Amino acid sequence: MNSLLDALPPRIQARLDALAAISADANAITRLYLTPEQARANALVMGWMREAGMTARVDAAGNVIGRIEGEIPGAPALVIGSHLDTVRDAGRYDGPLGVVVGIACVEVLVRERARLPFAVEVVGFADEEGTRFNATLIGSRAFAGTFDHDKLDCQDRDGVTIAEALRAAGLDPARFHEAARSPAGIIAYLELHIEQGPALERADLPVGLVTAISGATRLAVTVEGVAGHAGTVAMEGRRDALAGAAACILAVEARCRGEAGLVGTVGSLDAAPGATNVIPGRVGFSLDLRAPDDAQRQAALADIEAAWRTIAAMRGLGLTWRAVHDAPSVPCDPVLAERIAGAIAAEGHPVFRLPSGAGHDGMAVVALAPVAMIFVRCRGGISHNPAEFASLDDIEAGTRVLLRTLRDLAAEGTPGE
Ligand code: HGY
Ligand code: MN
Ligand code: MN
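If you're wondering where the values come from, they're calculated on a predicted model, not measured in any experiment.

1. Quick word on the pattern of salt bridges
- Tallied over the entire structure, the rule returns 25 salt bridges.
- A salt bridge links Glu412 to Arg339; the shortest N-O distance between them is 2.5 Å. On the criterion of sequence distance, the pair formed by Glu412 in helix H11 (residues 392-412) and Arg339 in helix H9 (residues 334-346) is long-range, its members being 73 residues apart.
- The class of Arg339 is partly exposed, set by a relative accessible area of 27%.
- Connected through shared salt-bridge partners, Arg67, Glu69, Glu121 and Arg181 make up one network.

Next up, the structure:
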């Protein structure tokens with residue numbers, strides 16, 4: 001069996017590279033929800049799932065799901081996986097690593113005819129990033145049955161709604177709810193993911209055990225000023241929406257700096273009318289605010305909003321915002337975490353526990369079942385960037401930890417029973 005395990009890392013890398021080549025942009029990795037690229041990625045992944053001995057399907061929300069039965073057909077499933085969508089100009093590991101490694105682990109279990117008291121499913125969630133429709137965790141929320149169907153009207157940059165995109169992808173928005181799984185059918189969810197931060201590299205460790213997934217608030221903010229001629233309107237009395245937005249953005253940075261674990265980011269901004277010689281009359285920008293502790297995040301949000309109101313009043317601007325995402329921090333299940341800790345130690349590594357500053361599908365799947373995560377070191381902690389990199393040795397270490405965890409859970413019977 002070792003020969004199969006030894007062959008896994010290069011096959012995993014080849015599959016990550018094959019997925020990275022499926023992109024809307026010839027010079028970058030960009031694979032968004034319900035796009036032709038996503039359909040091609042799903043088809044490729046389903047082929048790998050079937051090669052590994054799984055049945056494979058795409059659910060009503062566009063998630064790709066592979067399954068092997070345990071000794072009792074139809075038994076509840078232990079779910080492993082991650083997401084197949086990406087941010088724009090992404091790295092090749094964020095998301096796909098967890099899906100490809102999950103398939104590899106199932107292939108080993110099938111080859112060794114492991115006796116499984118539960119089914120095992122590998123899921124490639126269709127939208128974790130929220131890049132296209134600014135509504136994150138769509139795939140895993142559909143899977144968990146917690147997606148707000150009113151959000152099917154969310155539009156992308158071109159005004160296409162999720163419902164329209166579902167139809168264009170051959171899916172029926174009226175059946176979107178059919179993606180929802182029953183808690184009775186899911187035992188637990190395990191996700192392997194790159195850390196997307198520097199902690200494991202600083203500790204010089206290949207793998208880590210996630211303690212919790214940080215909560216996050218995302219806002220869509222609109223600043224209303226008065227457009228005007230750049231050459232004739234005096235500086236005094238201008239109602240410059242972009243200058244006002246800049247003051248708001250610096251207020252976010254000032255509030256979040258210096259407080260451990262608290263991070264605030266303005267990642268996108270649109271200024272209208274967007275002409276050099278016109279004072280911007282209207283600006284839209286995003287806020288992404290996170291902290292390991294929900295009270296900490298809420299306190300920061302309240303302070304930021306108070307600062308924005310003061311800025312708007314001083315500058316005579318209109319300022320409105322709406323929450324497009326608000327998710328509490330999710331603790332990883334202690335029982336599952338201890339199983340992973342045992343696997344990490346058995347594989348010869350110190351057990352390094354750390355929170356996840358990044359969001360993950362487990363924040364949605366926790367509505368169905370306990371969740372736990374394994375982190376793999378990534379170079380420089382870089383992610384959401386084409387320079388994202390995880391070494392084959394570290395990928396192998398993570399794969400062996402996940403496989404050992406699955407074997408240990410199988411050996412002890414259905415977790416939590
Ligand atoms: O934004 C996040 O934390 C994740 O990468 N979607
Ligand atoms: Mn990401
Ligand atoms: Mn991710």
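2. So, the coordination of the manganese ion (ligand 3)
- Donor atoms from the polypeptide that coordinate the manganese ion (ligand 3) comprise His83 (NE2), Asp94 (OD) and His193 (NE2), at 2.1 to 2.3 Å from the metal.
- Positions of the donor residues of the manganese ion (ligand 3) along the chain correspond to the pattern H-x10-D-x98-H.
- The distance between the manganese ion (ligand 3) and the manganese ion (ligand 2) comes to 3.5 Å, with Asp94 serving as a donor to both metals. In this pair, His83 sits in strand S3 (residues 77-83) while Asp94 sits in the loop between S3 and helix H3 (96-111), placing the two residues 11 residues apart along the sequence. Accessibility assignment for this pair places His83 and Asp94 in one class, buried.

3. Here's the deal with helix H2 (residues 36-51)
- The terminal C-alpha atoms of H2 lie 23 Å apart, and with 16 residues this matches the ideal 22 Å at 1.5 Å per residue to within 8%.
- Among the residues of H2, Glu37, Gln38, Ala41, Asn42, Val45, Met46, Trp48 and Met49 are the ones counted as buried.
- Two residues or fewer after H2 comes Gly53, characterised by a positive phi angle close to 100 degrees.

4. Observations concerning the packing of H2 against H3
- At a minimum axis distance of 9 Å, the contact between H2 and H3 shows a crossing angle of 20 degrees. The pairing of H2 with H3 is recorded here as roughly parallel in orientation. Here H2 runs over H3; the crossing is left-handed. Contacts from Val45, Trp48 and Met49 of H2 reach H3 at Val99, Val100 and Ile103.
- A class-by-class count of the residues in the contact of H2 with H3 yields 6 nonpolar, no polar and no charged.

5. Some words on the domain arrangement of the chain
- Its domain assignment divides the chain into domain 1 (3-213 + 330-412) and domain 2 (215-327).
- On a C-alpha basis, the centres of domain 1 and domain 2 stand 33 Å from each other.
- Contacts between the two partners involve 12 residues from domain 1, matched on the other side by 7 residues from domain 2.
- Each partner contributes to the roughly 730 Å² buried at the junction of domain 1 and domain 2, and carbon and sulfur atoms together form 43% of this total.
- Taken as a group, Asn134, Thr136 and Met363 account for 49% of the area that domain 1 buries against domain 2, more than any other trio of residues on that side.
- For the pair domain 1 and domain 2, the number of links is 0 salt bridges.
- Connecting domain 1 to domain 2 are 4 residue pairs in polar contact (both at pLDDT 80 or more).

6. With respect to the site of ligand 1
- All residues adjacent to ligand 1 are Glu128, Glu129, Arg218, Arg290, Ala358, Gly359 and His384.
- Glu128 is positioned such that a nitrogen or oxygen atom in its side chain is 2.8 Å from a nitrogen atom of ligand 1.
- The side chain of Arg218 places a nitrogen or oxygen atom 3.5 Å from an oxygen atom of ligand 1.
- Compared with its free state, where it exposes 220 Å², ligand 1 has 93% of that area covered by protein.
- For the shell around ligand 1, the per-class residue count stands at 1 nonpolar, 2 polar and 4 charged.

7. Digging into the coordination of the manganese ion (ligand 2)
- Those donors, Asp94 (OD), Glu129 (OE) and His384 (NE2), are the protein atoms that reach the manganese ion (ligand 2), and they lie 2.1 to 2.2 Å from it.
- Donor residues binding the manganese ion (ligand 2) come from one chain and are separated in sequence as D-x34-E-x254-H.

8. Some thoughts on the side chain of Arg238
- Position of Arg238 relative to the elements: it lies in the loop between strand S8 (228-229) and helix H7 (241-256).
- Within the buried set, Arg238 has no salt-bridge partner at all; the shortest N-O distance to an opposite charge, 4.7 Å, is to Asp240.
- Here Val233 takes part through its backbone oxygen, which lies 2.9 Å from a polar atom of the side chain of Arg238.
- Apart from the residues within four sequence positions on either side, Arg238 is in contact with His229, Ala230, Val233, Ile279 and Arg315.

9. Overview of the nonpolar core
- Residues Ile12, Val45, Leu97, Ile103, Leu190 and Leu402 are the most contacted members of the largest nonpolar core, which totals 61 residues.
- In terms of residue count, H3 provides more of this core than any other element does, 10 residues in total.
- Discounting chain neighbours no more than four positions away, the residues touching Val45 are Leu19, Val64, Leu84, Val99 and Ile103.
- Counting residues in each nonpolar core, the second largest holds 27 residues, with Ala77, Ala119, Val123 and Leu354 among its members.

What counts, and where the lines are drawn
- Residues numbered from 1 in each chain as written.
- Chains lettered and ligands numbered in written order.
- Predicted model: local features only at pLDDT ≥ 70, side-chain atom pairs only at ≥ 80, totals over all residues.
- Heavy atoms only, no water.
- Salt bridge = Lys/Arg side-chain N within 4 Å of Asp/Glu carboxyl O.
- Helix = DSSP H or I, 4+ residues; strand = E, 2+ residues; numbered from the N terminus.
- Buried < 20%, exposed > 50% of the residue type's maximum accessible area, 1.4 Å probe, protein only.
- Donors = N, O, S within 2.8 Å, 3.2 Å for Na, K, Ca; no water.
- Expected span 1.5 Å × (residues − 1).
- Axes fitted to C-alpha atoms, helices over the stretch in contact; angles between N-to-C directions.
- Parallel < 35°, antiparallel > 145°, perpendicular 65-115°, else oblique.
- Left-handed = near helix turned anticlockwise from the far one by under 90°.
- Contact = heavy atoms within 4.5 Å.
- Nonpolar A, V, L, I, M, F, W, Y, C, P; charged D, E, K, R; others polar.
- Domains from an automatic or database assignment.
- Buried area = accessible area lost by both parts, 1.4 Å probe.
- Polar contact = N/O pair within 3.5 Å; in protein donor to acceptor, adjacent residues only side chain to side chain.
- Near = heavy atom within 4 Å.
- Areas by Shrake-Rupley, 256 points an atom, 1.4 Å probe, with all protein chains shown as cover.
- Lys, Arg positive; Asp, Glu negative; His and termini not counted.
- Core = buried A, V, L, I, M, F, W, Y, C linked by side-chain atoms within 4.5 Å.

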